[in-house]
Amino acid sequence: MNIEQLALTVISLLISIIGYFLKQLFEKIQKHDAMINQHATSIKVIETEHTNLNNKIDDLFTAIKEVSQEIKQLSKELSKKKDL
């Protein structure tokens, strides 16, 4: 085996080793990308649910205010009837 063949063998071996680690790196990157997409989707769902919940809470507070006003009016009417 001459020096050229030995150098070619060493270079081929180094390229193979680098290729192996690059393949593992790209597989990890793909897994992380899939996880990021899954989490992004989950975050969007949570944001939507949060918005819906806030809207329902606002509707509930509005209904509570309306009921409070109705109770006040009924209380006033009841007190007027008691005065008579």
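Residues numbered from 1 in each chain as written. Predicted model: local features only at pLDDT ≥ 70, side-chain atom pairs only at ≥ 80, totals over all residues. Heavy atoms only, no water.

(A) Summary view of the overall build of the chain. Within the chain one finds one helix and zero strands. Its C-alpha atoms give the chain principal-axis dimensions of about 120 × 10 × 10 Å. Carbon and sulfur atoms make up 64% of the accessible area of the chain, which amounts to about 8300 Å² in all. Distance from the positive charge centre (11 side chains) to the negative charge centre (11 side chains) of the chain: 8 Å. (Helix = DSSP H or I, 4+ residues; strand = E, 2+ residues; numbered from the N terminus. Areas by Shrake-Rupley, 256 points an atom, 1.4 Å probe, with all protein chains shown as cover. Lys, Arg positive; Asp, Glu negative; His and termini not counted. Charge placed at Lys NZ, Arg CZ, Asp CG, Glu CD.)

(B) Seen up close, the pattern of salt bridges. Per the counting criterion, the structure on display carries one salt bridge. Residue Lys 23 is joined to Glu 27 by a salt bridge in which the shortest nitrogen-to-oxygen separation is 4.0 Å. Of the two residues, Lys 23 and Glu 27 are both situated in helix H1 (residues 3–83); the distance of four residues between them amounts to about one turn of the helix. Under the relative-accessibility criterion, Glu 27 is labelled partly exposed at 38%. (Salt bridge = Lys/Arg side-chain N within 4 Å of Asp/Glu carboxyl O. Buried < 20%, exposed > 50% of the residue type's maximum accessible area, 1.4 Å probe, protein only.)

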